[in-house]
Amino acid sequence: MSVRIGVVVFPGSNRDIDAVNALEVAGAEPVLLWHEQASLDGVAAIMLPGGFAYGDYLRAGVIAQFSPVMRSVRAFADDGGLVLGVCNGFQVLTEAHLLPGALLRNRGLRFVSRRVAIAAERLDSPFTRSIGERRPLRMPVAHGEGCFYADETLLDELERDGQVLFRYVRADGTVAGGEDDRANPNGSLRAIAGVTNAAGNVAGLMPHPETAVEGILGSDDGLGIIRSFVESAAERANAKPAEPVAVGGR
Amino acid sequence: MSTEFRFAVNVTPKPGILDPQGRAVESSLGHLGIDGVSAVRVGRRVELTVEAADESAARAVVERLASELLSNPLIEAFAIEAIGATSSTIGAPA
């Protein structure tokens, strides 16, 4: 039986169906979770898709953290559950303080929608274990606020603790430079494209692996990430069968 | 009887945080023939009315709102400004 993975749908989410497709391609059973529901329907892992949750008003991702479903996602994550945020989902996770850092307006000020190359910093995480040696990974970005920011101390800590999961790279696989390097689409500090929390069970990235899972989409380089996530979720589901996550009273 | 207090919360990028909007504004100044302007920072201003027993209680609510929602403490600073109080009508005094 395939593993059930939740895809959270906020008002303004627009990559939810891409997430559903990618999870199906990777062999999972996607379950849509509406933002107003507190129940996570017993899913084994959760994906926060791209889009413009709550219109991105105030700051991208900030309003979403107060929704009923995010209270449950927070409890799920605190309990060690796997959570993957893509693009706006990454912004939601940083605003909810489930991931370190912040995502600022792109340094070039433009909304950037094109294909980029990234590479995994580590291949032993639940989100990268099935990528193999493929490098760089080519997939699209589509965002206006994707410039990863943390102060120097935090950046050093993230690198020291292995929390930097993906970096933007050039075609030859070398790490992208600063904002003047086209390989770094938004001027992210230290070319960081994705990070994990300290415990390693929550991850976010700005590029869209879920729209690069089949040759017909122009690239299937994202499938390794989605497959890693699905396989890790399945393992955990088998280790801990059918245990619904306890959530608060609301 | 509770009173309504009107506040503004001014949110600005912290010193040292790159502000691409400020930089864009600054780079356009030359086209206006203006020079001698520097360190442009673009933030946002949120005005709101709080009903509370007194001003310090109202301000405490705004402090919490400003730090937990209106600003991201990692990248933004905020300053709270009292605009006025009224005991009977909703909204800001003229």
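Relevant structure appears above.
What this report covers is the structure whose coordinates are included nearby. Here the structure is a predicted model, which is why all the values come from computation and not from measurement.

**Details of the overall build of chain B**
- Along the backbone of chain B there are two helices and three strands.
- From first element to last, N terminus to C terminus, chain B shows the α and β order β-α-β-α-β.
- For chain B, the proportion of its 94 residues judged to be buried stands at 15%.
- At a minimum sequence separation of 6, the contacts of chain B that also span at least 24 residues come to 70%.

**Quick word on the pairing of strand β9 (residues 164-168) of chain A**
Residue and element names in this part refer to chain A.
- In terms of burial, β9 is largely enclosed, as five of its five residues are buried.
- In this sheet, β9 lies alongside strand β6 (residues 112-120) in antiparallel orientation, the contact comprising three bridges. Paired with Ala119 across the bridge in β9 is Arg167.
- Bridge count for β9 against strand β10 (residues 192-196) is three bridges, and the pairing is antiparallel. Each residue of the ladder has a partner; that of Arg167, found in β10, is Ile192.

**Description of the interface of chain B and chain A**
- Each partner contributes to the interface: chain B provides eight residues, whereas chain A provides eight residues.
- Per element, the largest residue contribution to the side of chain B that touches chain A is three residues, and it comes from helix α1 (residues 20-28) of chain B.
- In terms of residue class, the side of chain B that touches chain A is made up of six nonpolar, two polar and no charged.

**A short note on the pairing of strand β7 (residues 137-143) of chain A**
All names here are of chain A.
- Most of β7 sits out of view: five of its seven residues are buried.
- One ladder, built from seven bridges, connects β6 with β7; its direction is antiparallel. Of the residues in β7, the one forming a bridge with Arg115 is Pro140.

**As for the environment of Arg122 of chain A**
All names here are of chain A.
- As for its placement among the helices and strands, Arg122 is situated in the loop between β6 and β7.
- Arg122 sits in the partly exposed class, given 16 other C-beta atoms within 10 Å.
- A sequence separation of 14 residues divides Arg122 from Gly108, and the C-alpha atoms of the two residues are 29 Å apart.

**Digging into the nonpolar core**
Residue and element names in this part refer to chain A.
- Counting residues in each nonpolar core, the largest one holds 86 residues, and the members touching the most others are Ile5, Ile46, Val230 and Ala233.
- The dominant element in this core, judged by the number of residues it contributes, is helix α5 (residues 223-239), at eight residues.
- With sequence-adjacent residues up to four places away left out, Ile46 is seen in contact with Gly6, Val8, Leu40, Val73, Phe76, Gly81 and Val83.

**Overview of the environment of Ser219 of chain A**
Residue and element names in this part refer to chain A.
- With respect to the helices, strands and loops of the structure, Ser219 is situated in the loop between β11 (202-205) and α5.
- Taking C-alpha positions, Ser219 is 35 Å from Ala75, a pair spaced 144 residues apart along the chain.
- Sequence-distant contacts of Ser219, that is, excluding residues within four places in its chain, are made with Arg138, Met139 and Ala212.

**Topic: the sheet that holds strand β1 (residues 4-9) of chain A**
All names here are of chain A.
- With mixed pairing, the nine strands of this open sheet are ordered in space as β2-β1-β3-β4-β11-β10-β9-β6-β7. Strand pairing shows two members of the sheet lacking a second neighbour, β2 (29-34) and β7, which therefore form its edges. The mean angle between the axes of side-by-side strands here comes to 25 degrees, regardless of whether they run parallel or antiparallel.

Parameters and conventions
- Once a new chain begins, its residue numbering starts again from 1 and follows that chain's sequence as written.
- To read the labels, note that chains go from A and ligands from 1, taken in the order they are written.
- The predicted nature of this model means local features are confined to residues of pLDDT at least 70 and side-chain atom pairs, given and counted, to a pLDDT of 80 or more, with totals for whole chains, interfaces and linings taken over all residues.
- Elements are defined by DSSP. Helices are runs of H or I of four residues or more, strands are runs of E of two residues or more, and each kind is numbered from the N terminus.
- Residues with at least 20 other C-beta atoms within 10 Å of their own are called buried, those with 12 or fewer are called exposed, and the rest are partly exposed. The C-beta atoms themselves are positioned from the backbone.
- By definition, residue pairs are in contact when their C-beta atoms, positioned from the backbone, come within 7 Å.
- Strands qualify as paired when DSSP identifies two bridges or more between them.
- Polar here means any residue other than Ala, Val, Leu, Ile, Met, Phe, Trp, Tyr, Cys and Pro, which are nonpolar, and Asp, Glu, Lys and Arg, which are charged; Gly is therefore polar.
- For our purposes the nonpolar core covers buried Ala, Val, Leu, Ile, Met, Phe, Trp, Tyr and Cys residues that link as a set through C-beta atoms within 7 Å.
- Simply put, an axis is a line fit to the C-alpha atoms, just over the touching stretch for a helix, and the angle between two N-to-C directions goes from 0 to 180 degrees.

In short, shape yes, function no, at least from these values alone.
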